[in-house]
Protein chains: 2
Amino acid sequence: MTESKTMSKKIGYLGPRGTFSEEIALSFYRGVEGCFTPYHSISSVIMAVDSGEVQEGIVPVENSVEGSVNVTLDTLAHEANLYIVKEMVKPIRHNIIVKPGTKHINIICSHAQALAQCRHYLDEHYPAAERIEVESTAAAAYKVASGAKNHAAICSTRSAEVYGLDVIETDIQDNPNNATRFLVLSKQPVSPKGVSSKTSIVCQINGEKAGALYNILGEFAKRNVNLTKIESRPSKGGFGLYVFFFDIEGSLEDEPVAAAVHAVKEQSLWFKNLGSYPINTVE
Amino acid sequence: MTESKTMSKKIGYLGPRGTFSEEIALSFYRGVEGCFTPYHSISSVIMAVDSGEVQEGIVPVENSVEGSVNVTLDTLAHEANLYIVKEMVKPIRHNIIVKPGTKHINIICSHAQALAQCRHYLDEHYPAAERIEVESTAAAAYKVASGAKNHAAICSTRSAEVYGLDVIETDIQDNPNNATRFLVLSKQPVSPKGVSSKTSIVCQINGEKAGALYNILGEFAKRNVNLTKIESRPSKGGFGLYVFFFDIEGSLEDEPVAAAVHAVKEQSLWFKNLGSYPINTVE
C-alpha cells in the first residue's frame, strides 16, 4: 500500500516464525532492507517466487542424514521455472520442547524430517508417544504453546524462545553430522564470477535405452567435470521412469561445464537448467 | 505355546489390520499356513526378520510418484542383513474415509506418503484442514473410528470395511499411475531359475574420486547388463557422501551379472548383496 515498501526486497520462507528457514533468511539477508513473508508449505514458497509475489524464496533441499527434500526437487522440476542463486548449509540441532510445567509426554509433534532425524532417540526414550507431523518445526512449537500440557515439540531452541517454551532435552538428533542445505530461489539467474560455484540441472533421460545414464555421466567424465550429487526422482509417469538431478562443480560460464551440459541436454528427453551459484560450506 | 503353531511360517507386516501391506501379505501367502504378525513401523518389521522373530517380512520400498521409502532402504543398508526374495507391485487407490454422520472435516490423517500422494487434491479441496501423520493408512482409519467426528482418514476401502467407516470420496490420488512396490525379506536368499529376475545391491563408492560412479556404471554397460533403478542415499557421514542402490536386470547366477557385481564390489569402499529375486509387474 505504501510506495516506499515496494522498494525493499520481498523474501518468502517456510514459516511460521522460528523455523530454520527464517533463521537462514535473517542471517543471509543481514543488513538488507527486506520484507520477510512466511508461507505455510515449501511448495507455496516456491510458487510465490514463480508468480512474482516475492522476489526470492528460501527452501530446504537436502539433509545430510535424511536425504533430499522431495517436494523441493519435484516442484523445481515440474511446477516452477526458477533459478538457484545461492546455497547455504546449516548444522541442525533438535531439542525436546514443552510447555512450562509439563510432566508427562503423550504426543510429540514436528516436521516429518525432524521426526525422522530423531527416530532412534524417540524409539528409545518415548516408545509409546504418538508422533504427529506438522508443516514445520516452528508450527510444532506453536502447537505446543497453544495446546495441551502432554504435548512436546521437536524444534530449535530459537522456537522455544519465540513461543516461551521450556527446552527439556538438547541435541537429540540421531546423527552428529546432521546439517541441512538451503537454496535461495529467484526468477533471475546469477553469474557467479571469481568464486567457487556449482551448477544444477534436471533432465529426463531415455530409460528405454540401456546405458543412457552411463553415456550422460561420460559427458562429464571425459571433460574432467565433477559431479557433487546425483539424485533420481520418479518422473510421475510410472515405474522405471525417472528424472535425474545433477549438481555439477563449476559454472555454466566455464567452457567444459557448458559443453558437458549442452551434450546432456542434447541426449535428454526433457531438460531444465536450475542455474549456477556460489558454493557454500557449513556456516 | 502349541507345538503345531511353530510349524507354520511367521510373517511380519506393517500393521495394524487393513494396511496395504496386510493386503499384499494375504494375497502373496494365499493358501500358505501362516502366522501373520503386524508391527507398528517399517523398521520394526525389518528388524523382526533380522532377529529371527519372524521368517519373512513384507515392506513397501518404492512408490511410483513419491519415490523410494527411505526408511526401508536405510534399514536394509545400515541395520539389517537380509535378502530380498520377492517383489510385488500394487496399484494404490486412496480415499477419504469418515465416521458415519461426519459433516465437517477439520483434520485429515494418514501415512506421510499417502498425504504426499494426495497433496494437490488436499490443497484444492481441504486447504484449511490440518494434516496429521500417523504410522500407516490403517492406523489413520483406526484413529477416525475411535476419535472425533470432524476427523477424516486417507486410506484403502478395505480399511473402511475393517473399521466400519464411510467412504465419501474415492481415487483422490494426484497421479493415476500411483503404484507401490513391496519387498518380501528373509535371512535366506533364493535362487530364481527359469524366471525373469532382478538383483539388488548397495555400495558406497569413493566420492573423492572423480568419475567413480561413471566407472561403476561402465562395469554394467560393457557387459550389456541393464539397470532398472539407481538411487542415492546419504551415507550418514556428512554432505557429499552417498551410498548407491542398484537394481540390476538378471540374477547373480547369470555370468555377466555376477562379473559386473564382482567388479563393482572390488571398487567399493563398502558393499552389500541384497539378493536376486523374481521380477513382478503390476498385479
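Remember, predicted model here, so these are calculated numbers, not experimental data.

Turning our eyes to something else, we now look at the overall build of chain A. A tally of helices and strands in chain A yields 9 helices and 15 strands. Over its C-alpha atoms chain A spans a radius of gyration of 21 Å, differing by no more than 12% from the 19 Å that the globule rule assigns to 283 residues. For chain A, the C-alpha atoms occupy an extent of roughly 60 × 50 × 35 Å along the three principal directions. Here the contacts in chain A between residues at least 6 apart in sequence split such that 77% fall between residues at least 24 apart. Looking at chain A as shown, the accessible area adds up to about 11,800 Å², and 50% of this sits on carbon and sulfur atoms. Across chain A, the mean location of the 27 positive side-chain charges is 2 Å away from that of the 32 negative side-chain charges.

This part is about the interface of chain A and chain B. With 46 residues of chain A at the interface, the matching set in chain B holds 46 residues. Summed over both sides, the interface between chain A and chain B buries roughly 3,700 Å², with carbon and sulfur atoms accounting for 51% of that surface. It is A:Glu133, A:Tyr214 and A:Phe239 that lose the most area in chain A upon contact with chain B, and together they represent 19% of the buried surface on that side. Applying the counting criterion to the chain A and chain B interface returns 2 salt bridges. Here A:Lys143 and B:Glu130 are joined by a salt bridge, their closest N and O atoms 2.8 Å apart. Applying the counting rule to chain A against chain B returns 16 residue pairs in polar contact (both at pLDDT 80 or more). Elements supplying a minimum of two residues to the side of chain A that touches chain B: strand 3 (56-63), helix 3 (70-78), helix 4 (112-117), helix 5 (119-125), strand 8 (130-133), strand 11 (179-186), helix 8 (212-221) and strand 13 (227-234) of chain A.

A word on the nonpolar core. Membership of the largest hydrophobic core comes to 38 residues, with the highest contact counts inside it found for A:Phe220, A:Phe246, B:Phe220 and B:Phe246. Discounting residues that sit within four places of it in the chain, A:Phe220 has contacts with A:Ile201, A:Val225, A:Leu227, A:Phe246, A:Ile248, A:Ala260 and A:Val264.

On to unusual backbone geometry. Residues other than glycine predominantly adopt negative phi, and peptide bonds predominantly adopt the trans conformation. The backbone of A:Asp171 shows a phi angle near 50°, a positive value even though the residue is not glycine. One can find A:Asp171 in the loop between strand 10 (166-169) and strand 11. Positive phi is not limited to glycine here, since B:Asn224 has a value of about 55°. The topology assignment puts B:Asn224 in the loop between helix 8 (212-221) and strand 13 (227-234).

This paragraph deals with the pattern of salt bridges. Residues and elements named next belong to chain A. This structure, assessed with the given rule, holds 30 salt bridges over all chains. The closest approach of N and O atoms between Arg181 and Glu62, which form a salt bridge, is 3.0 Å. One end of the pair, Arg181, is in strand 11; the other, Glu62, is in strand 3, with 119 residues separating them in the sequence. One network of salt bridges, in which partners are shared, links Glu62, Glu87, Arg181, Lys198 and Asp247.

This part is about the packing of helix 2 (residues 42-50) of chain A against helix 3 of chain A. Residues and elements named next belong to chain A. At a closest axis distance of 9 Å, the pairing of helix 2 and helix 3 adopts a crossing angle of 30°. The angle between the axes of helix 2 and helix 3 places the two elements in the roughly parallel class. When the axes of helix 2 and helix 3 are compared, the crossing they make is right-handed. Between helix 2 and helix 3, the contacting residues are Ile42, Ser43, Ile46 and Met47 on the first element and Val71, Thr72, Thr75 and Leu76 on the second. Grouping the constituent residues of the contact of helix 2 with helix 3 by class yields 5 nonpolar, 3 polar and no charged.

Within a beta sheet, neighbouring strands are joined by backbone hydrogen bonds and run either parallel or antiparallel to one another. Residue and element names in this part refer to chain A. The strand order 8-7-9-6-10 describes an open sheet built from 5 strands, whose pairing is mixed. Looking along the sheet, the strands with just one partner apiece sit at the ends: strand 8 and strand 10. Each strand axis lies, on average, 35° off the axis of its neighbour in the sheet, ignoring direction. For strand 7 (residues 107-110) and strand 8, the ladder comprises 4 bridges, and the chain directions are parallel. Looking across to strand 8, one finds that Ile108 is bridged to Arg131. Along the sheet, helix 6 (residues 137-146) contacts strand 6 (95-98), strand 7 and strand 9 (151-155); its crossing angle with strand 9, the most-contacted strand, is approximately 155°.

Residue and element names in this part refer to chain A. According to the domain assignment, chain A consists of domain 1 (8-91 + 178-186), domain 2 (95-169) and domain 3 (197-277). Here domain 1 and domain 2 have C-alpha centroids that lie 23 Å from each other. Taken residue by residue, the interface counts 17 residues in domain 1 and 13 residues in domain 2. For the pair domain 1 and domain 2, the summed buried surface comes to about 1,200 Å²; carbon and sulfur atoms form 55% of the total.

For the rest of this paragraph, the subject is helix 8 of chain A. The element helix 8 of chain A is extensively covered by neighbouring structure, given that 7 of its 10 residues are classed as buried. Taken together, the buried positions of helix 8 of chain A are A:Ala212, A:Leu213, A:Ile216, A:Leu217, A:Gly218, A:Glu219 and A:Phe220. On its buried face, helix 8 of chain A is in contact with strand 12 (197-205), strand 13, strand 14 (242-249) and helix 9 (255-267) of chain A together with helix 8 and strand 13 of chain B.

All names here are of chain B. Relative to each other, helix 8 and helix 9 (residues 255-266) sit at 165°, their axes nearing to 8 Å. Between helix 8 and helix 9, the interaxial angle falls into the category roughly antiparallel. By crossing handedness, the relation of helix 8 to helix 9 is classed as right-handed. Between helix 8 and helix 9, the residues in contact are Ile216, Glu219 and Phe220 and Ala260, Ala263 and Val264, respectively. Residues that form the contact of helix 8 with helix 9 fall into these classes: 5 nonpolar, no polar and 1 charged.

The rules we used
- Residues numbered from 1 in each chain as written.
- Chains lettered and ligands numbered in written order.
- Predicted model: local features only at pLDDT ≥ 70, side-chain atom pairs only at ≥ 80, totals over all residues.
- Heavy atoms only, no water.
- Helix = DSSP H or I, 4+ residues; strand = E, 2+ residues; numbered from the N terminus.
- Rg over C-alpha atoms; globule rule 2.2 N^0.38 Å.
- Contact = heavy atoms within 4.5 Å.
- Areas by Shrake-Rupley, 256 points an atom, 1.4 Å probe, with all protein chains shown as cover.
- Lys, Arg positive; Asp, Glu negative; His and termini not counted.
- Charge placed at Lys NZ, Arg CZ, Asp CG, Glu CD.
- Buried area = accessible area lost by both parts, 1.4 Å probe.
- Salt bridge = Lys/Arg side-chain N within 4 Å of Asp/Glu carboxyl O.
- Polar contact = N/O pair within 3.5 Å; in protein donor to acceptor, adjacent residues only side chain to side chain.
- Core = buried A, V, L, I, M, F, W, Y, C linked by side-chain atoms within 4.5 Å.
- Buried < 20%, exposed > 50% of the residue type's maximum accessible area, 1.4 Å probe, protein only.
- Axes fitted to C-alpha atoms, helices over the stretch in contact; angles between N-to-C directions.
- Parallel < 35°, antiparallel > 145°, perpendicular 65-115°, else oblique.
- Left-handed = near helix turned anticlockwise from the far one by under 90°.
- Nonpolar A, V, L, I, M, F, W, Y, C, P; charged D, E, K, R; others polar.
- Pairing = 2+ DSSP bridges.
- Domains from an automatic or database assignment.

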